[in-house]
Structure formats: C-alpha cells, structure tokens
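# Inside the fold
Residues per chain are reported as follows:
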Amino acid sequence: MNSALGFGFTALGLTASVLGAVGGAYGLITHNRALTKSVRQWAWLVLVAGLGTFTVMQIALAQRDYSVSYVSKVGSDTTPTLFNIAALWSALEGSIILWAMILGLYLAAMLIKFRKEADDPLFGWALVVMLVVSAFFFGLMAGPANPFTPVEVAAGFSGPGPNPLLQNHILVAFHPPALYMGYVGFTVPFSFAIGALITGRVGEGWLVETRRWTLAAWGFLTFGIVLGSWWSYEVLGWGGFWAWDPVENASLLPWLTGTAYIHSVMVQERRGMLRVWNLSLLCATFSLTILGTFLTRSGVVNSVHAFSDGGVGPALLVFFAVVTLVSVGLIGWRGDQLRSPGAIDSAVSREAAFFANNVLFGAFAFVILLGTVFPLIYEAYDGTRLTIGRPYFDSLGMPLAMLILFLMATAPALPWRKASAELLSDRLFTPALAGVGAMVLALAVGARGVSPMIAFGLGGFGAGAAVRQLVIASRRNGWRGFVGRANGGMIVHIGIIAIAVGIAASESYKTDQNITLLPGQSVVVGDHEFTYLELGADQNARRERVYALIEIDGSDVYAPSVQRFAAMGTPVSTPSVRSGFTEDVYLVLDRVPDDSSGAIGLRVILRPLMAWMWGGGFIMAIGTAMALVPGSKRRQDAAELRRSIAASAREKEATSV
Amino acid sequence: MSDADPGQTEEPNSPESTAPSGSTARWLALITGLVIVAFIVLLAFAGGDAADDPSRLVDQRVPAVEGVALSGENFNIDNHRGQWVLVNFFATWCPPCVAEHPDLVELEQWGADNGKLQVLSIVFDDQRDRVAEFFEKNGGTWPVLFDPALAIKFQVAQVPESFLVNPDGIVVAHVPGGIEAADVRNAIGE
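Residues numbered from 1 in each chain as written. Chains lettered and ligands numbered in written order. Predicted model: local features only at pLDDT ≥ 70, side-chain atom pairs only at ≥ 80, totals over all residues.

### Digging into the sheet that holds strand S1 (residues 511-517) of chain A
All names here are of chain A. Reading across from one edge, S1-S10-S9-S8 is the order of the four strands in this open sheet, with antiparallel pairing throughout. This sheet does not close on itself; its edge strands, each paired only once, are S1 and strand S8 (576-578). With strand direction ignored, the average angle separating the axes of adjacent strands in the sheet is 20 degrees. As paired strands, S8 and strand S9 (residues 583-591) are joined by three bridges and run antiparallel to one another. (Pairing = 2+ DSSP bridges. Helix = DSSP H or I, 4+ residues; strand = E, 2+ residues; numbered from the N terminus. Axes fitted to C-alpha atoms, helices over the stretch in contact; angles between N-to-C directions.)

The following block contains the structure:
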C-alpha cells in the first residue's frame, strides 16, 4: 500500500516535472502564452508530489512497514521516534526524497514570491530550470534509487534501524535538513542565472531579485555545516570536529564559492562589474553541490559518510556534465553582452577588497577540490591510490584563512572607488586597537605561538571593525542599524571570527592524553583532576552500553561510554563532553576493563574556547537572518525596482508579440 | 529584471557600449568546457575502485595497539618495529575465522623460525573463556588482546579482517575475510 502510494507520488513528480519543463520551454520559444502559464500548474503538482513522497515514507517508517524496501533497510521496531523520523535521511534513497521535497518547497515559494512577474520570460526560464532539476531527482527516485520498491519479508521481521552513529544524538534531526535547505536553495539563483543567460537580460535586475534567496541558502548551508561538525565532535569520539573527509569537503566547496558570490555580487550591483565572474560563481556553486553529491554517493572516493550505490553515481555524473557544460556554453554564447563596463580605480577600495576576497575564496575552493579529487587523478596516472590528508589541507588552508581574516578586518573600512590615507587611519584606528587588545589579552592568559597569536590579533581587529560598523549604523538608524545586508553581514563576520578564534585556540592549545585508571584512582590533566568512580552498564532492546563514571574536579560526574547496537557488531565509543565558555573537557572511554584489576583506558582532551565555534555558528545564523530583513533604505529601493521591472516586462512582452 | 535598473547601474548595459570581448569569453568558455570534460572523463573511469579496499588505514601508520594479552603478558605494537606484524580481528563464533586459524598457526611457526613476522589477534565481540578454550583446542600461542576500542580504531565492522604492518609500522595491506598463509608469506617475501 505505502509502496504503491509512494511510487505513485514519485511518478506524479517525474511526470509533472518533465511535462512542465518541456511545455514551458516550448511555450517560451514559440511565445505561446497559455503554454507558458500552464507551467505553474505543473510546478504546484511537483510540490504535491514532493510532500506526498515525504509523507508516505514517514508514515511507512512510523508503521514499520517493512514491505517498503527503504524501511526494511533503515527501520527497526526499537528505534525511538525522533531517530525513526530522522531515518528518512539516514541513507541514500531517503535523502533524495528530502532533496525532492525541499526543491518542491522552494519551487512553491518562487511561485508565490514572483506571482506578479509570472509572464516574464526570465522567470519562465527559471521555472523551467527548476523543473529540469526536479525531474532529475524524481527520476533518481523512480529509477536507480527507488526507496519504495516493494519487498517481501517474513512475519516478525525487524529491520536493522539507521546506522547506530545516526541514532546517538539529537543533531541528526537538524543537520541534514539544514544542509539540504542550503544545497537545494542554490538551485533558485542558479535557475535565474540560466534564465538571464537564455533571455540575454544579464543586467542587475535578476541579481537584486534573487540575492535574498542566495543569502538564505547560504545561511542554511553555513548552519548545516556547523551543526555537522558539532555532531562529529559530540558523537564520533575522535576528539575533533573536522577531518577533511570528502563529504565535509563537498559541503565546503559550494560554501566557499557561495561566500565569494555574496561578496562579489555587491560589486556588480554597485559598479556593474564582474558579471561573467558572478554568473560563473552561481553556476559553479550549484554544480559543486551536484559534484559533491556525486563524489560521496558513487563510491569514487572513500569517505566515512559515503552511501555508495552503483546506479546513482553515473546518473549524477551525467547530470553534472549537463549542468556544467550548459552553463559554460551559455556564458560563452552571451560573453559579448557580459562585458563589464568600468574598471577598478584603485587597489585600496571596497571593490578591490571584494576582488581580493574572491581570489582568496576561489583559491581556497581550488585547493580543496584538488585535494579531494587528486587521489583520483593520481590513480588514473599511476594506478595506485594515494591518500591526501590533514597536512595538505591544514598547511594550504591556514594561510588562506589568515588572509581572509585580514581582509575581513580591513575591508569594511574601505570606501568604494578610492580610499585616502586619512580616512583609512581614522576608520581603522579603533579596530586595530581591538586587535592589539586581543593579542595582549591572549598573552596575559598564557597563549603563545606565532600563528594562533596572529589569528587572535586579526580576530580582534575584524571584530572591532564589525562592531564599529554596527555602532555607527545603530546610532544613525536605531534598531535598523542591525538589519539589512551590510549590518547583518557584520554580525555574520563576528560569528565567523568566533569560529576562527575557537579553531585557533582549540587546535593550538589542545591537551590530549591517554591514561589508565583504576577504580577510585585520580589523575591530574591540565588544571583538572579526574577521578574514576565506578563502571556501570545498562541495556535495552537496541543496544547495550558500558560507561565509566568520571568525576571532574570533585564535582561534576561525566559518563563516557562504549555502546554496542544489536544491529551492528562494532562497538561505538560515545564521548562525554563538558562544554564551557573557556574550555571543553572531552572524555572518551578508550578501553573497558578486560582483567580483574578493573582498569579503564580514558582519553582526556582539553580544548580551550571550543564552544566559541558552535556559538559562532549560531551568531552567523542570526546574522544571516538579520541580513535578510530589509534595511530602511533598501526597502524603498526594492519596491521601486519591482515596479519598474514589472513595467519593463510588460513592455517587452508587448514588443515581442 | 530589466536591463536598465534605475539607480542601480551607472552605465547602460547595451552590447555596443562595451569593448568587443565576445571572442575572449568564447575562448575562456571553450577552455573551461574542455577542462570540465576531461574532469568528467576522469571521474567516469575512476569510479568503483574505492569499494575494493574501503580501509583508510592502508599506507598509514598503524594505530597504537597495546594492552595486556590473554596470557597475561604486555603487548605493545611499537616494540615490534623491525618485524612484520599481522593484526587479525576474529571471533570464535565466526566460521571463516575458525577456517583461517590453521593458516595463522602456520604463519606463527614461520615467523618464529625466521624472526620476520609477529602474529597478533584482537578479539571481536566474544568472551574470554571461550577464546582461551578455542586457542587451547586449535593451537596458537601468539598474543590475543581484548579491547573493543581497537575495532573502532581499525574501522573493523565484521570479522575476520586482517592488517599487515610492515617493519616501519605502516599498514601495507588490508585483508577483509579469511587470510591465506601463502599470500602473507609472498607479501613479506620469503
């Protein structure tokens, strides 16, 4: 029943997407207004199909309907409700349902937001592109990754449940949806970019219309990435938060190009420059989300997250080829119209700083892409597999991150076109003072070492620049001094600085020790005393757990554990973390007692300022939300612009008929 | 979405007003397109190999392995630098593990004769007395460790699985499934 219903919705989604895309494109080419209009109905049906497949799968999971193949893979009688809901995105086929549903939601939001521009061919093409993308994902669900395949199971069968690591922490309920809201969200600006290229209307109008969509997608992606590293830190028990794993890199790549775009787009809005570049960045960002999905879903590269599956890989690769080659072809075709008017006047100006920003983010993305795919290039050449790890990414990424911090500190002070020395010294004085202050403070509390000190100094500098901007804006505009793109952006900067400082401190001043403790024994690590009180054990239907009670500094008791899930033989070590503003204490039960002495192996990791990283992520999310609220001046501009756009669209339509 | 947005652009956006750079854009697009095609071809032909050896440990330094063995002696893998070490994950309840045991016994003997190889077993989800009984019955005197954390470190999800560590402490091979004594001897070189 659920199988049939789910497959029915899948077929509806595929049919509606294909018919909508083909009909829409044909209507636009032949100027058939009725046909173009009908696309909207198909698009609504795609939303219905997306919500339908999602709902049916949730019902099937809740009912433990093992006749649905996906439920038999990731469902189990004993999975608690929250993790059973999250099971939908715990494996490949289900994650495509989530993808298709979110795409449907974005499509619906587009229809509502642009209902007045429904006749505009640019919007029409954007809808067609959205439908092509949704046809691809519904096609995956109908073909190689069908989650609704009916299967026969014996009575009393209970599935294995999701991967044990995915039923260990509440963050699994939030990290994937946030990430997908980001990935899928980039489809919207991409579809407008393609629409602009096809219609030849490559001016700034479509940018203004989609910039908030881009920003929202970027915000979700940022938040999703931060939640993902938090999950990794809290659950995996390896003591770190970022491993340069291909899946992590796959999320960082579109983030980097997306970040470059939201900065360089301002240059285009202000000065009309960097048009080809901006279009390329949008196309690259969307392509990289598909490439990342391919890399991690096809088994081409090794990854802890990879859900490898034969049929999906080739389909994703073909789709990546289509997306990139069509984008590049269109940009080449419209190259003559994309030529930027104007040039950068001075190397010390806001636009030059944005340009430098783009060079750095582009270089960062290139470094990561190369590191992720280099093993494949090497294998093609040499036949052996090579692993590129942390040293490569750390040694190349760190200097780039430092330069980005430097830019973040200085760029907000730069005016457009050209800066004078007096102006700069005036604007940079307070932030520079904050930077020096941060370094002095760090030295005073015992921080040493060149690189972390530079990071703290630049962090203080950048935070000073952002706060200065916010203070000035809020003096001028009251509470509106905290909203709008420029001011919200400054809040985002503060968040990213918190993350940078958190990474610098927690990596540079990390203490990591393996100790053996007998019951009742105490040991001092860093400034803390750890006492091993006793061993405990409990079990329920889905897992058994052995935990050690560890008292920290004679007060709090923490319980790092080793769990074994019924579905999977491998024991999973679950850390116990005491998070604080200045320091995290991270405990891992490394060895359970295996002889009569009762000695345990305990790994103690102390990470100063680790919590700044998660706090920074929340500040970035808040900042992005503030940036989405229109500032006072922009609100009027936008209203005026929309009127003029509608007028010009009507005019265009009239002349072309 | 118009070409001339009031108050936004400072220059008109018509093709004639700009320098002729259409061919530049076309060339750039062509080159980018070719690079992308090459990249896609690479990806298309690189696919599938990763599944052959999902272990990320190969070519890496062997994770720390130390502890008290079944026999009561201390074992530390770092003390075996200069010698090959075969790290074997097993359980008495797993038929392929029982099947590969004679090969391990043979390898232990071979290693003891020429001093080249040390065999080490790590118990995966099993009980101490059962393992002791198993060794009594089937032979073998090499160190046996009980430490569930090691399976995590070696990313072992099912048994048997073995790792061959060279004299420099680098994992050179990962064998999912039962091992053959001859293969190990060949890998080390007689």
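### Quick notes on the pairing of strand S4 (residues 543-552) of chain A
Residue and element names in this part refer to chain A. Of the strand pairs in this sheet, strand S3 (residues 528-539) and S4 are connected by nine bridges, and their pairing is antiparallel. Among the inter-strand pairings, Phe-530 is bridged to a residue of S4, identified as Ile-552. Connecting S3 to the next strand, S4, in antiparallel fashion are three residues. As paired strands, S4 and strand S6 (residues 561-565) are joined by five bridges and run antiparallel to one another. Note that in S6 the partner of Arg-543 across the bridge is Phe-565. The antiparallel hairpin formed by S4 and strand S5 (residues 556-558) contains three residues in its connecting segment, where Asp-553 sits at a positive phi of about 50 degrees.

### Section: the nonpolar core
Counting 189 residues, the largest nonpolar core has Leu131(A), Phe137(A) and Val501(A) as its most contacted members. Apart from residues lying up to four places away in sequence, Val501(A) is in contact with Ala455(A), Phe456(A), Gly459(A), Leu609(A) and Trp612(A). One finds Ile77(B), Cys97(B), Val165(B) and Ile179(B) within the second-largest nonpolar core, a separate group that totals 38 residues. (Core = buried A, V, L, I, M, F, W, Y, C linked by C-beta atoms within 7 Å. Buried ≥ 20, exposed ≤ 12 C-beta atoms within 10 Å, placed from the backbone. Contact = placed C-beta atoms within 7 Å.)

### Brief notes about the confidence of the model for chain B
All names here are of chain B. Mean pLDDT over chain B stands at 77; residues scoring 70 or higher make up 79%. Overall, residues 47-53 carries pLDDT values under 50, and its contacts beyond four positions in sequence, including any with other chains, amount to twelve contacts. Scored by ipTM, the complex comes to 0.72, with pTM at 0.79. (pLDDT = per-residue confidence, 0-100.)

### Brief notes about the environment of Leu51(A)
Tracing the backbone through its elements, the reader meets Leu51(A) in helix H2 (residues 33-62). When neighbours within four sequence positions are excluded, Leu51(A) is seen to be in contact with Met101(A) and Gly104(A).

### Some points on the environment of Met402(A)
On the secondary structure map, Met402(A) appears in helix H15 (residues 390-410). Looking at Met402(A), the number of C-beta atoms within 10 Å reads 17, which means it is partly exposed.

### Description of unusual backbone geometry
Residues and elements named next belong to chain A. The backbone phi angle of Trp-244 is positive, close to 55 degrees, even though this residue is not glycine. Topologically, Trp-244 is positioned in the loop between helix H9 (205-235) and helix H10 (246-271). In this structure, Leu-274 is a non-glycine residue whose phi angle is positive, near 65 degrees. Tracing the chain through its elements places Leu-274 in the loop between H10 and helix H11 (275-297). A tally of 24 C-beta atoms within 10 Å means that Leu-274 is categorised as buried.

### Quick notes on the sheet that holds strand S5 (residues 144-145) of chain B
Residue and element names in this part refer to chain B. Here five strands make up an open sheet; going across it, the order is S5-S4-S3-S6-S7 and the pairing mixed. The open sheet has two free edges, formed respectively by S5 and strand S7 (171-176), since each of these has just one partner strand. In this structure, strand S3 (residues 84-90) lies alongside strand S4 (residues 117-123), joined through seven bridges in parallel fashion. Bridging from a neighbouring strand, Phe-89 pairs with Ile-122 of S4.

### Digging into helix H19 (residues 610-628) of chain A
Along an α-helix, residues three or four apart share an orientation, since each turn contains 3.6 residues. Residues and elements named next belong to chain A. With 19 residues, H19 extends 28 Å from end C-alpha to end C-alpha; this agrees with the ideal 27 Å at 1.5 Å per step. For H19, the full list of buried residues reads Met-610, Trp-612, Met-613, Trp-614, Gly-616, Gly-617, Ile-619, Met-620, Ala-621, Gly-623, Thr-624 and Ala-627. Packed against the buried residues of H19 are H9, helix H18 (485-508), S9 and strand S10 (600-608). (Expected span 1.5 Å × (residues − 1).)

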